[in-house]
Amino acid sequence: MTTAVPLPTATAEAAAAKVKAAEVAKKKLSSPWASFAVIVIALLWTIPTFGLLVSSFRPERQIKTTGWWTFFSDPTLTLDNYRSVFGAEGGVNMADFFVNSLVICIPAVLIPLSLAALAAYAFAWIDFPAKNVLFLVIFALQIVPIQVTLLPLLKLFVSWDLSGTFWTLWLAHSTFALPLAIYLLHNFMREIPSGLIEAARVDGAGHVSIFFHVMLPLLTPALAAFGIFQFLWVWNDLLVALVFAGGGNEVAPTTLALANLSGTRGTAWHLLSAGAFVSIIVPVTVFLLLQRYFVRGLLAGSVKG
Amino acid sequence: MFNTASTTPEKLLQMFAALLLFAAVMGVILFVASRLGGRRGDKWVGYLYLLPVVLMLSVGLVYPGLRTIYESFFDAAGKAFIGFDNYKTIFTDKDQLTVLRNTVFWVVFTPFVATAIGLLYAILVDRSRFESFAKALIFLPMSISFVAASVIWKFMYEYRPDQGRVKQIGLVNQIIVWLGGKPQQLLIDSPLNTFLLIIVLIWIQAGFAMTILSAAIKAIPDDIVEAARLDGVGPWTMFRNITVPSVRPTIVVVLTTIGIGTLKVFDIVRTMTGGQFNTSVVANEFYSQTFRADNQGLGAALAVLLFVLVIPIVVYNVRQLRQSEAR
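Given the structure is predicted, the values throughout are model-derived calculations rather than measurements.

### Observations regarding the overall build of chain B
Secondary structure summary: chain B contains 14 helices and zero strands in total. Listing every helix and strand of chain B by position from the N terminus yields α-α-α-α-α-α-α-α-α-α-α-α-α-α. Taken against the 2.2 N^0.38 rule, which gives 20 Å for 327 residues, the C-alpha radius of gyration of chain B at 26 Å runs more than 25% over that of a compact globule. Counting only C-alpha atoms and orienting by the principal axes, one finds that chain B spans roughly 70 × 60 × 50 Å. Looking at chain B residue by residue over its 327 residues, the buried ones come to 54%. Looking at chain B alone, contacts between residues at least 24 apart form 63% of all its contacts between residues at least 6 apart. Per element, the accessible surface of chain B, about 14900 Å² overall, is 65% carbon and sulfur. For chain B, the centre of its 28 positive side-chain charges and the centre of its 20 negative side-chain charges are spaced 4 Å apart.

Here you go:
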């Protein structure tokens, strides 16, 4: 539903070509106060993370008795906390949860992406009765909060004997992703000139070969944007994991492990700090490497859930 | 293959098995579709492409959704029909009213503060030398999980008893001490604690607001700005009469989008306080009632309430988008 929000890439060209309103406004606002405001906001937005990062490398005793800012007057570094969260203490082994997160994420991205691409193609380029009604229904399903579905879905999974397995998470995440994915990919496919498809059809290509040889290559940026968004959404999810994998640790992702740690050992900051950074290393890396796609995907899918 | 995998090789094996199974299903669909030649077969290719999606959405979204609406009219065990009693509880019970009050606080404050900070920051760093770096700093919290963000802020709010040799380890309490105050158990006093939790979501969402608004600001046509400048317009007037009106539709979209996300906020409340000390919100209460207190009926009613609250915001959002597109 936020898909019409101007995407940065779309406006970047316009930006390059023109003198900007904000530039003028900014020049006039470039008082010491403006710089001051920027620095204050930037600090407020980085210090909390930085404090926990520093703490994750401090010895347990120091974390518990002095503030992380004393690190600068008394710098002691250790990797003990990270060793602890990887199995040395308290039955926590982030490595297992890390594997779980990956095992959950990969199918939960690939499955909805492939299915949505097929469906979006059908909606965009194939004529069949009841097409518009179906599309409208799927479009409307975007607004359903996943909370509404959780308990009946859990009961279904139990009756199918799937509860406590990765299948519940794969199926749930895939299903929840579909309405938005179909809508976005459909919008993208509609923008491809119909001449291309018609020409392929005249050459005798069917919908399968058009899908693979004409559509997919053009669709790569959209698939990447949505894929990254979905990956981060699943990786960072807590609610779905809690409902479907809450019973045991065997299929729980890192977010659930961290939330449980925070609940049961809320003052064990040496574990919490290191655990938190183990769980955010992946999304932050994805963010730093794929910032362009990441922003696009995020803009497109920000109302999901 | 459908059991619980417990060792790493088992897990990976199960994942590859699942992907293989999925690939096989896709293969069958595409194979059948490729046999349905000619324009006449088109219709069937279309249905075939939609088949898995329609199946999954019906079973995984439509059926559970309707089922939840149905169950919201039943009692805690889901046995006896009690009409609108669950909804009555939500709007009369003392605890539930606190939940509603907190949800209102969240939805009123988060979108506006996050958007205001995002807009201010976007304008201030626009076209500066460090623009992309400065933006990345604000945007980074958006990429991490709400759980991790909650842990980060819980550490900020951490409290140590106010005794002679005990030092504060949370920055907020340390600042209070530096300023001469007494350290507080910040997450316990209501309603202050709700606002401290709201700060976490603002911290996460400001980056989103900033990114979208920054794109909109860069798209303001230069002739408008030029004309205003020739008229000798000052920075404040420029901001109020040029920048804000130009990006107004975008501001509305950002506000409503963050508003929808805020309504569903769950992870932060659960991780930071577990909904204790009068901090619960609708989405958290839904989880507690459904999965902890075993009150299915009330839980279902809360989920439906969430659904109903989202609808007007979404409708407004869509209408705004239509209008801005029509321009």
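Once the structure has been displayed, the description carries forward.
### Some words on the nonpolar core
Core analysis: the largest hydrophobic core is formed by 215 residues, its most contacted members being Tyr-121 and Phe-244 of chain A together with Tyr-49, Trp-106, Tyr-121 and Ile-268 of chain B. Among the elements that line this core, the one with the most residues is helix 6 (residues 94-125) of chain A, at 21 residues. Contact partners of Trp-106 of chain B, with chain neighbours within four places excluded, come to Pro-111, Thr-194, Leu-197, Ile-198, Leu-201, Thr-262, Val-265, Ile-268, Val-269 and Val-281 of chain B.

### Here we look at the confidence of the model for chain A
Where the model shows low pLDDT, its predicted coordinates should not be examined in detail. All names here are of chain A. In this model, chain A carries an average pLDDT of 83, and 85% of its residues clear a pLDDT of 70 or more. Confidence scores differ between elements of chain A, with helix 1 (residues 8-17) showing the lowest mean pLDDT of 44 and helix 8 (residues 147-159) the highest of 94. Low confidence marks residues 1-18, where pLDDT is under 50. Its contacts with residues over four positions away, or in another chain, come to 39 contacts.

### Some thoughts on the packing of aromatic side chains
The relative placement of two aromatic rings is captured by the distance of their centres and the angle of their planes. Residue and element names in this part refer to chain A. Throughout the structure, instances matching the rule amount to 38 aromatic pairs over all chains. For the pair Phe-50 and Trp-68, a centre-to-centre distance of 6.0 Å together with 85° between the ring planes defines the contact as edge-to-face. Separated by 18 residues along the polypeptide, Phe-50 in helix 3 (residues 32-56) and Trp-68 in the loop between helix 4 (60-65) and helix 5 (80-85) bring together distant segments of the chain. You can call Phe-50 partly exposed: its relative accessible area is 38%. Assessed through its relative accessible area of 7%, Trp-68 is described here as buried. Between Arg-190 and the ring centre of Trp-125, over which it is positioned, the NZ or CZ distance is 5.1 Å.

### Some points on the interface of chain A and chain B
The partner chain B presents 121 residues to the 129 residues of chain A that form the contact. For the pair chain A and chain B, the summed buried area comes to about 11200 Å², and 77% of that belongs to carbon and sulfur atoms. The three residues of chain A that bury the most area against chain B are Trp-45, Trp-167 and Trp-269 of chain A, which together make up 7% of that side's buried surface. Summed over the shared surface of chain A and chain B, the result is two salt bridges. A salt bridge links Asp-42 of chain B to Arg-201 of chain A; its shortest N-O distance comes to 2.9 Å. One can count 16 residue pairs in polar contact (both at pLDDT 80 or more) joining chain A with chain B. Looking at the side of chain A that touches chain B, the element that brings in the most residues is helix 6 of chain A, giving 16 residues. Residue composition of the side of chain A that touches chain B, by class: 87 nonpolar, 29 polar and 13 charged.

### So, the environment of Lys-135 of chain B
Residues and elements named next belong to chain B. Inspection of the secondary structure puts Lys-135 in helix 5 (residues 131-143). On the basis of relative accessibility, which here comes to 18%, the residue Lys-135 falls in the buried class. The spacing of Lys-135 and Val-125 is 10 residues in sequence and 7.8 Å in space, taken between C-alpha atoms. Reaching out from Lys-135, the side chain makes a polar contact with the side chain of Ser-214 at a distance of 2.6 Å.

### Description of the side chain of Thr-168 of chain A
As for its position among the elements, Thr-168 of chain A is in helix 9 (residues 166-190). Once residues within four sequence positions are removed from consideration, Thr-168 of chain A is found in contact with Phe-157, Leu-162, Ser-163 and Phe-244 of chain A.

### Quick notes on the packing of helix 6 of chain A against helix 1 (residues 8-35) of chain B
Running from amino to carboxyl end, helix 6 of chain A crosses helix 1 of chain B at an angle of 5°, the nearest separation of the two axes being 10 Å. One element, helix 6 of chain A, and the other, helix 1 of chain B, form an angle in the roughly parallel class. Facing Asp-96, Val-99, Asn-100, Leu-102, Val-103, Ile-106, Pro-107, Leu-110, Ile-111, Ser-114, Leu-115 and Leu-118 of chain A of helix 6 of chain A, the residues of helix 1 of chain B in contact are Thr-8, Lys-11, Leu-12, Met-15, Leu-19, Phe-22, Met-26, Ile-29 and Leu-30 of chain B.

### A closer look at the domain arrangement of chain A
Interfaces are often sized by the amount of accessible area the parts lose when they come together. All names here are of chain A. Domain annotation for chain A reports domain 1 (31-78) and domain 2 (94-300). A straight line from the C-alpha centre of domain 1 to that of domain 2 covers 35 Å. Counting residues at the interface gives eight residues for domain 1, matched by seven residues for domain 2. Between domain 1 and domain 2, a total of about 650 Å² is buried, with carbon and sulfur atoms accounting for 83% of that surface. It is Leu-52, Ser-56 and Ile-63 in domain 1 that bury the most area against domain 2; as a group they hold 55% of the surface buried on that side. For the pair domain 1 and domain 2, the number of links is zero salt bridges. On the surface where domain 1 and domain 2 come into contact, there are zero residue pairs in polar contact (both at pLDDT 80 or more). For the side of domain 1 that touches domain 2, the secondary structure elements donating two or more residues are helix 3 and helix 4. When residues of the side of domain 1 that touches domain 2 are assigned to their parent elements, the largest contribution, five residues, is made by helix 3. Residues belonging to the side of domain 1 that touches domain 2 are distributed by class as follows: three nonpolar, three polar and two charged.

### Some words on unusual backbone geometry
Residues and elements named next belong to chain B. Here the bond from Ser-190 into Pro-191 is cis, since omega is 0°, no more than 30 degrees from zero. Note on placement: Pro-191 falls in the loop between helix 7 (171-178) and helix 8 (192-218). One non-glycine residue, Asn-278, adopts positive backbone phi at about 60°. Among the secondary structure elements, Asn-278 is positioned in the loop between helix 12 (267-272) and helix 13 (282-292).

### Let's talk about the pattern of salt bridges
Residues and elements named next belong to chain A. The final tally for this structure, using the stated rule, is 11 salt bridges over all chains. Residues Arg-83 and Asp-80 are paired through a salt bridge, measuring 2.7 Å at the closest nitrogen-oxygen approach. With Arg-83 and Asp-80 both in helix 5 and three residues apart, the pair spans about one turn of that helix. With a relative accessible area of 41%, Asp-80 lands in the partly exposed category.

### Notes on a nonpolar patch on the surface
Residue and element names in this part refer to chain A. On the surface, a cluster of nonpolar side chains totalling about 460 Å² of accessible area is made up of Trp-33, Phe-36, Val-40 and Leu-44. Along the chain, Leu-44 turns up in helix 3. The class of Leu-44 is partly exposed, set by a relative accessible area of 47%.

### Some details on helix 14 (residues 269-289) of chain A
Residue and element names in this part refer to chain A. For helix 14, with 21 residues, the first-to-last C-alpha span of 29 Å sits near the 30 Å given by 1.5 Å per residue. Along its length, helix 14 reaches its greatest deviation from straightness, about 40°, at Ile-280, and the proline Pro-283 lies no more than four positions downstream. Helix 14 sits mainly inside the fold: 17 of its 21 residues count as buried.

Definitions and cut-offs
- Residues numbered from 1 in each chain as written.
- Chains lettered and ligands numbered in written order.
- Predicted model: local features only at pLDDT ≥ 70, side-chain atom pairs only at ≥ 80, totals over all residues.
- Heavy atoms only, no water.
- Helix = DSSP H or I, 4+ residues; strand = E, 2+ residues; numbered from the N terminus.
- Rg over C-alpha atoms; globule rule 2.2 N^0.38 Å.
- Buried < 20%, exposed > 50% of the residue type's maximum accessible area, 1.4 Å probe, protein only.
- Contact = heavy atoms within 4.5 Å.
- Areas by Shrake-Rupley, 256 points an atom, 1.4 Å probe, with all protein chains shown as cover.
- Lys, Arg positive; Asp, Glu negative; His and termini not counted.
- Charge placed at Lys NZ, Arg CZ, Asp CG, Glu CD.
- Core = buried A, V, L, I, M, F, W, Y, C linked by side-chain atoms within 4.5 Å.
- pLDDT = per-residue confidence, 0-100.
- Phe/Tyr/Trp six-rings, centres within 6.5 Å; stacked < 30°, edge-to-face > 60°.
- Lys NZ or Arg CZ within 6 Å of the ring centre and 35° of its normal.
- Buried area = accessible area lost by both parts, 1.4 Å probe.
- Salt bridge = Lys/Arg side-chain N within 4 Å of Asp/Glu carboxyl O.
- Polar contact = N/O pair within 3.5 Å; in protein donor to acceptor, adjacent residues only side chain to side chain.
- Nonpolar A, V, L, I, M, F, W, Y, C, P; charged D, E, K, R; others polar.
- Axes fitted to C-alpha atoms, helices over the stretch in contact; angles between N-to-C directions.
- Parallel < 35°, antiparallel > 145°, perpendicular 65-115°, else oblique.
- Domains from an automatic or database assignment.
- Patch = residues over 30% accessible without salt bridge, like charges linked within 9 Å, V, L, I, M, F, W, Y side chains within 5 Å.
- Expected span 1.5 Å × (residues − 1).
- Bend = angle between axes of the 7 residues up to and from the residue.

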